[in-house]
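Take a look at the letters that make up each chain.
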Amino acid sequence: YDNLECELKKVIFAEITNYYYHLKQENMKPLYYLLFVLGMTFLSTNTLCAKKDVPLKYEISCAGSGTQGYYIVKVEKKGDISEALLKRCAVHGVLFRGYGPGQGCTSQRPMADSQTESKNKKYFASFFAPDGMSENYATFVEGSMQTARQGKKTYIVTGIVSVAKDLLRKDLEAAGKLKSLSSGF
């Protein structure tokens, strides 16, 4: 629904812009200003819609050894973000990036190969959406969220997340998105 809503707002903005230029040529000032304000409102909405389509950009590393079936990862992301977004980044990192050694743990390869995400783009877009399933596989470690200022306007948010790797693998194998470990190479 988000993409449909964004597309609708883009069409409305285009219509307002066309009507705005028509009124400007006719020199109708009151409507000209009203449409200018409406147009600017939709312009800012279009900018927000465009930001929803930006891929996840984050850093992931090991934060310690977890219990059987779980990874404990540290996620860093720039900007004003929430625990939910850090959880989505953690699951994405375990699936498609993996992480290096540190904090008493060995490096982990990504669960999926490099082409899995692009082959199943629509599935993973909904999986990692704000109301998607990815957050069900991650638990935020209470009190681990830290914010550090970098420069004048940039903040880096860091959090530690526990990812249920075994359950994640099992569910994605059942959905046909990951190859089973028992299927061989």
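Reading the values: the criteria
Residues numbered from 1 in each chain as written. Predicted model: local features only at pLDDT ≥ 70, side-chain atom pairs only at ≥ 80, totals over all residues. Heavy atoms only, no water. Helix = DSSP H or I, 4+ residues; strand = E, 2+ residues; numbered from the N terminus. Buried < 20%, exposed > 50% of the residue type's maximum accessible area, 1.4 Å probe, protein only. Contact = heavy atoms within 4.5 Å. Areas by Shrake-Rupley, 256 points an atom, 1.4 Å probe, with all protein chains shown as cover. Arc of directions from axis to C-beta. Disulfide = S-S within 2.5 Å. Polar contact = N/O pair within 3.5 Å; in protein donor to acceptor, adjacent residues only side chain to side chain. Expected span 1.5 Å × (residues − 1).

> Quick question: what am I supposed to make of the overall build of the protein chain here?
Summing up its helical and strand segments, the protein chain has six helices and five strands in all. Starting at the N terminus and ending at the C terminus, the protein chain contains elements arranged as α-α-β-β-α-α-α-β-β-β-α. Per-residue burial for the protein chain yields a buried fraction of 36% across its 185 residues. Considering only intrachain contacts with a sequence separation of at least 6, the fraction spanning at least 24 residues in the protein chain is 60%. Of the roughly 12300 Å² that the protein chain leaves accessible, carbon and sulfur atoms contribute 55%.

> What exactly am I supposed to notice about helix α6 (residues 165–174) here?
Each full turn of the α-helix corresponds to 3.6 residues, which orients residues three or four apart in the same direction. Of the positions making up α6, those classed as buried are K165, L168, R169 and L172. The buried residues of α6 occupy one face: seen down the axis, they fall within an arc of 95°. Of the exposed residues in α6, the ones pointing more than 90 degrees away from its buried face are K170 and A174. Looking at the buried positions of α6, the neighbouring elements they touch are β2 (70–78), α3 (83–96), α5 (121–127) and β5 (154–164).

> Mind showing me how you'd approach the environment of Y70 here?
Along the polypeptide, Y70 turns up in strand β2. Residue Y70 is classed as partly exposed on the basis of its relative accessible area of 37%. Taking the C-alpha atoms as reference points, Y70 and K165, separated by 95 residues in sequence, lie 5.3 Å from one another. In contact with Y70, not counting residues within four places along its chain, are S162, V163, A164 and K165.

> For this particular structure, what's the right way to read the state of the cysteines?
When the sulfur atoms of two cysteines share a covalent bond, that bond is a disulfide. The final tally for this structure, using the stated rule, is one disulfide. Each sulfur in the disulfide pair C62 and C105 lies 1.5 Å from the other. In this pair, C62 sits in strand β1 (residues 59–64) while C105 sits in the loop between α3 and α4 (116–119), placing the two residues 43 residues apart along the sequence. We note that C62, like C105, is buried.

> Quick question: what am I supposed to make of the side chain of R169 here?
By the secondary structure assignment, R169 is in helix α6. For R169, a relative accessible area of 16% gives the class buried. At a separation of 3.4 Å, a polar atom in the side chain of R169 contacts the main-chain carbonyl oxygen of K179.

> How do you make sense of α3 when you look at a structure like this?
Here α3 contains 14 residues, and its C-alpha end-to-end distance of 20 Å stays within 8% of the 20 Å for a straight helix at 1.5 Å per residue. Within α3, 12 of the 14 residues are buried, which leaves it mostly tucked inside the rest of the structure. Taken together, the buried positions of α3 are L85, L86, K87, R88, C89, A90, V91, H92, G93, V94, L95 and F96. A positive phi of about 75° marks G98, the residue just after α3.

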